[in-house]
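Letter by letter, the chains look like this.
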Amino acid sequence: MGTEVVKGGSRKRTAGIIGAIVGLAAAGVAAGVATERYIVRRSKNADDPYTDEDFGVWDFDEELTVTTDDGIDLHVEVVDGPGPTLVFVHGFCLDMGTFHFQRKHYEGKNRMVLYDQPGHGRSGRLTKGEYTIDSLGAGLRAVLEATCPEGPIVLVGHSMGGMTIMALAEQLPELFQTRVEACILISTSAGKLDTVTFGFPEVVARFRRPLLPLVGFAGPISSAVIDRGRRASTDLAWLLTRRYGFGTARPSPALVSYVEKMNSTTSTEVIARYLRTLYTHSRLLVLGPLKSVPVLLVCGDKDVLTPLAHTQEITSVLPEAELDVIADGGHVVLLEHAGEVNEAMDAFLSKVLP
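One structure accompanies this document, and this report is about it. (Residues numbered from 1 in each chain as written. Predicted model: local features only at pLDDT ≥ 70, side-chain atom pairs only at ≥ 80, totals over all residues. Heavy atoms only, no water.)

**Structural notes on helix H4 (residues 133-147)**
- End to end, H4 covers 21 Å across 15 residues, agreeing with the expected 21 Å (1.5 Å per residue, within 8%).
- Within H4, eleven of the 15 residues are buried, which leaves it mostly tucked inside the rest of the structure. (Helix = DSSP H or I, 4+ residues; strand = E, 2+ residues; numbered from the N terminus. Expected span 1.5 Å × (residues − 1). Buried < 20%, exposed > 50% of the residue type's maximum accessible area, 1.4 Å probe, protein only.)

**Description of the pairing of strand S7 (residues 295-300)**
- Counting buried residues along S7, six of its six residues qualify, which places the element largely inside the surrounding structure.
- Neither face of S7 is exposed, since Val 295, Leu 297 and Cys 299 on one face and Leu 296, Val 298 and Gly 300 on the opposite face are all buried.
- By the bridge criterion, four bridges tie strand S6 (residues 180-186) to S7 in an arrangement that is parallel. Across the sheet, residue Ile 184 finds its bridge partner in S7, namely Leu 296.
- As paired strands, S7 and strand S8 (residues 322-326) are joined by five bridges and run parallel to one another. Each bridged residue has a counterpart across the sheet, and for Leu 297 the counterpart in S8 is Leu 323. (Pairing = 2+ DSSP bridges.)

**Overview of the sheet that holds strand S3 (residues 85-89)**
- An order of S1-S2-S4-S3-S5-S6-S7-S8 is seen for the eight strands of this open sheet, with the pairing classed as mixed. The outermost strands of the open sheet, each flanked by one partner alone, are strand S1 (62-67) and S8. Averaged over all neighbouring strand pairs, the angle between strand axes comes to 20°, with direction disregarded.
- The strands that helix H5 (residues 160-171) touches are S3, strand S4 (112-115), strand S5 (153-158) and S6; relative to S5, the one it contacts most, it runs at about 135°.
- Contacts from helix H13 (residues 308-317) reach S7 and S8, with the element oriented near 160° to S7. (Axes fitted to C-alpha atoms, helices over the stretch in contact; angles between N-to-C directions. Contact = heavy atoms within 4.5 Å.)

**Some details on a negative patch on the surface**
- Side chains of Asp 59, Asp 61, Glu 62, Asp 80 and Glu 107 sit close together on the surface and give a patch of like negative charge.
- Under the relative-accessibility criterion, Asp 59 is labelled exposed at 60%. (Patch = residues over 30% accessible without salt bridge, like charges linked within 9 Å, V, L, I, M, F, W, Y side chains within 5 Å. Areas by Shrake-Rupley, 256 points an atom, 1.4 Å probe, with all protein chains shown as cover. Salt bridge = Lys/Arg side-chain N within 4 Å of Asp/Glu carboxyl O. Lys, Arg positive; Asp, Glu negative; His and termini not counted. Charge placed at Lys NZ, Arg CZ, Asp CG, Glu CD.)

**Brief notes about the packing of aromatic side chains**
- Under the criterion given, the structure shown has seven aromatic pairs.
- Note on Tyr 50 and Phe 101: the rings are 5.2 Å apart at their centroids and 40° apart in plane angle, and the pair reads as tilted. One end of the pair, Tyr 50, is in the loop between helix H2 (33-44) and S1; the other, Phe 101, is in helix H3 (residues 100-106), with 51 residues separating them in the sequence.
- Geometrically, the ring pair formed by Phe 55 and Phe 101 is edge-to-face, given 5.9 Å between the ring centres and 85° between the ring planes. Here Phe 101 lies in helix H3 and Phe 55 lies in the loop between H2 and S1, a separation of 46 residues in the sequence.
- Take Phe 101: its relative accessible area is 9%, and that puts it in the buried class. (Phe/Tyr/Trp six-rings, centres within 6.5 Å; stacked < 30°, edge-to-face > 60°.)

Quick look at the structure:
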């Protein structure tokens, strides 16, 4: 009994320390909310080149549902075109809309396949358990089998989408010797995401691991409460999206709103079920199959979610890979600097495709 009391006290003290740290961090955010809300409103009223952009509105030639091995229905869209098929794999808390400008750019030039990853966009969710990068790789395999049974393919992955491609390469290395013509990995990482500080002070960032189990076991009820809070704090959500998704000082307000909308539609429950696999993702030493295909690595120099150092580390294993660093680019560099990313992709594909 005495031992149990000591452990309980220890747990309470630990929880108290974590609570104090989180409380201080929250207080620091709250202190600037009034000022930042003013900035948000002023920013949204600024001149914006994308004010009339129809984000999320595209044409497609085929719409289908692909069911994964673990029973999740994936929403898939196919756009017909010539040449090798470009298969786009989006990242965490986003959906196929991340490739809005790439989809417009390659329409009529290449056949394209896009889909929403499990728990994202219009795809289904797990009913229990956690999502894993391995299962995402298997999901990509299922999409390829349904939409690209034959012919050359080019895999394009952003953030977690790049990790999905790495998992596929580990599971099906022969595919990269026979049918994958090239890979384009944008703002991604091969591991050590648990060391990323996201721009927080180290004293706050070091408590990510103790808080992970608390978030990971969040139930449907608590998740629903959190989601309502997220929707209510739209200005703050917009501000955080701008701060952590973009690298330019004054990104397009419409573009920030578009990314924030994708973020907000990913439920807290889904986010919690992804965190463990993202923090433990480690594939730097199993990237061998990617050595058999041309690889383009793209990253913004101001990405705080998957920092440039993570992309540079991939080049240590894939020294033949091309690296394109986009100045003032944040995590959604493919939206923020779409023209530069599209030019880099064009130049790369023109060299490596037969």
